[in-house]
Amino acid sequence: MRHLILVLGDQLSFSNPVFDGFDPQQDGVLMIEAPGEAKAVWSHKARIALFLSAMRHFINQVADRGWPYDYVQLDDHQPPAFSDRLRAALRRHRPETLRVAEPGEWRMQQQITEICVDEGVTLRQLDDTHFYCSRHEFG
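Residues numbered from 1 in each chain as written. Predicted model: local features only at pLDDT ≥ 70, side-chain atom pairs only at ≥ 80, totals over all residues. Heavy atoms only, no water.

(A) A look at the overall build of the protein. A tally of helices and strands in the protein yields four helices and five strands. The secondary structure elements of the protein, listed N-terminal to C-terminal, are β-β-α-α-β-α-β-α-β. Within the protein, buried positions represent 37% of all 139 residues. Across the protein, contacts joining residues at least 24 apart in sequence account for 71% of those joining residues at least 6 apart. Carbon and sulfur atoms make up 51% of the accessible area of the protein, which totals about 8,400 Å². (Helix = DSSP H or I, 4+ residues; strand = E, 2+ residues; numbered from the N terminus. Buried < 20%, exposed > 50% of the residue type's maximum accessible area, 1.4 Å probe, protein only. Contact = heavy atoms within 4.5 Å. Areas by Shrake-Rupley, 256 points an atom, 1.4 Å probe, with all protein chains shown as cover.)

This is how it looks when you write it as structure tokens:
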């Protein structure tokens, strides 16, 4: 596999830069539901349900496009930590590169970086373009 595209739960858009140059013959999409994430940062149950629903709808759109994907669900028989689930996915697919838009949380960014180093997978972090801050000059 050339690129494994990791789409995080707050980056659900086909305009995400990780999809630039996506080739379904060589690339695949990875999404991970991780029970441990709901405990890492407190979230209301309704927010968690909304995130999971949005993720599942997005992966259905990926499937509708006929793109290869790996979707790890909460109840999959794997350790609950995101890091363990990502490591297992990298071992299953053995991509040349893991592509991800920059995570909004430093903790997540560090986990992804460390796992890629450990697994010998090149990490390509792209700017997260779904929210822009621009400088304005005030005169």
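(B) Highlighting the sheet that holds strand E1 (residues 3-6). Strand order in the open sheet formed by five strands is E3-E2-E1-E4-E5, with parallel pairing between adjacent strands. Because the sheet does not close on itself, it has two edges, and the strands there are strand E3 (69-72) and strand E5 (122-126). Recorded for the sheet is a direction-independent mean angle of 20° between the axes of neighbouring strands. The strands touched by helix H4 (residues 106-119) within the sheet are E1, strand E4 (97-101) and E5, with E5 carrying the most contacts at an inclination of about 155°. (Pairing = 2+ DSSP bridges. Axes fitted to C-alpha atoms, helices over the stretch in contact; angles between N-to-C directions.)

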